[in-house]
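Residue-level structural notes
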Amino acid sequence: MAIHAGIPEKVILGALRQLSADMEDVTWDMGRTRPGRPVKVFFEAETIADVQRAKRHLEKLLGDAGYDLIP
């Protein structure tokens, strides 16, 4: 999943920590970040449905924090 650079990395990390607490069966990893470039998040789970559920949950967490995923 790529998240545009307008969302601070601290906010993304906070949302990912909350995601880990909410969904213990899904793990994540952030790719190398560069200023002005999208932040890449990689999910790992047993099924693709779990990965999609994690992606939607992260989108909801970021939206609830007041950040629009579509710049």
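Let me sum up the structure you'll find in this document. The model shown is predicted, which means the values in this text are computed figures rather than measured ones. (Residues numbered from 1 in each chain as written. Predicted model: local features only at pLDDT ≥ 70, side-chain atom pairs only at ≥ 80, totals over all residues. Heavy atoms only, no water.)

Comments concerning the nonpolar core
The nonpolar side chains of a soluble globular protein tend to be buried with one another. Selection criterion: Nonpolar cores are built from buried Ala, Val, Leu, Ile, Met, Phe, Trp, Tyr and Cys residues. Side-chain atoms within 4.5 Å join them into one set. For every residue, the accessible area obtained with a 1.4 Å probe (protein chains only) is divided by the maximum for its type, and the residue is called buried under 20%, exposed over 50%, and partly exposed between those limits. Only runs of H or I of at least four residues qualify as helices and only runs of E of at least two qualify as strands under DSSP, and these elements are numbered from the N terminus. Residue contacts are counted whenever heavy atoms from the two residues lie within 4.5 Å of one another.
Among the nonpolar cores identified, the biggest contains 16 residues, and Ile3, Ile12, Leu16, Val41, Phe43 and Leu58 are the most heavily contacted of them. At the level of elements, helix H1 (9–22), strand S3 (39–44) and helix H2 (48–64) are the ones that each hand at least two residues to this core. Every residue in contact with leucine 16, bar those within four places of it in the chain, is listed here: Trp28, Met30, Val41, Phe43 and Leu58.

Let's talk about the sheet that holds strand S1 (residues 2–3)
Using the following cut-off: Strand pairing requires that DSSP identify at least two bridges connecting the strands.
Here three strands make up an open sheet; going across it, the order is S1-S3-S2 and the pairing antiparallel. With one partner strand each, in any of the chains shown, S1 and strand S2 (27–30) form the two edges of the open sheet. Examined bridge by bridge, S1 and S3 share two bridges and lie antiparallel to one another. In the strand pairing of S3, alanine 2 is matched with lysine 40.

Quick word on the pairing of S3
Taking every second residue as pointing to the same face, the buried face of S3 carries Val39, Val41 and Phe43, while none of Lys40, Phe42 and Glu44 on the other face is buried. Bridge count between S2 and S3: four bridges; the pairing is antiparallel. Residue pairing in the sheet places aspartate 29 in a bridge with phenylalanine 42 of S3.

Points about the packing of H1 against H2
We count it as follows: An axis is simply a line fitted to the C-alpha atoms; with a helix, the fit covers only the stretch in contact. Between two such axes, the angle follows the N-to-C directions and lies from 0 to 180 degrees. An angle below 35 degrees is read as roughly parallel, one above 145 as roughly antiparallel, one from 65 to 115 as roughly perpendicular, and any other as oblique. For any pair of crossing helices, the crossing counts as left-handed if the nearer helix is rotated counterclockwise from the farther one by less than a right angle, and right-handed if it is rotated clockwise. Here the nonpolar group is Ala, Val, Leu, Ile, Met, Phe, Trp, Tyr, Cys and Pro; Asp, Glu, Lys and Arg are the charged ones; every other residue, Gly included, is treated as polar.
Running from amino to carboxyl end, H1 crosses H2 at an angle of 130 degrees, the nearest separation of the two axes being 9 Å. In terms of orientation, H1 lies oblique with respect to H2. Here H1 and H2 pass one another in a crossing that is right-handed. Across the interface between the two elements, Val11, Ile12, Ala15, Leu16, Gln18, Leu19 and Asp22 of H1 pack against Ala54, His57, Leu58, Leu61 and Leu62 of H2. The residue makeup of the contact of H1 with H2, split by class, is nine nonpolar, two polar and one charged.

Here we look at H1
For clarity, the threshold we go by: In this analysis, the expected span of each helix is defined as 1.5 Å times one less than the number of residues it contains. The arc in question is the one spanned by the directions pointing from the helix axis to the C-beta atoms.
Between its first and last C-alpha, H1 extends 20 Å over 14 residues, near the 20 Å set by a 1.5 Å rise per residue. Along H1, the residues that are buried comprise Ile12, Ala15, Leu16 and Leu19. Taken end-on, H1 shows its buried residues confined to a sector of 100 degrees, consistent with a single buried face. Along H1, the residues that are exposed and aim more than 90 degrees away from the buried face are Lys10, Arg17 and Ala21. Along its buried surface, H1 packs onto S1, S2, S3 and H2.

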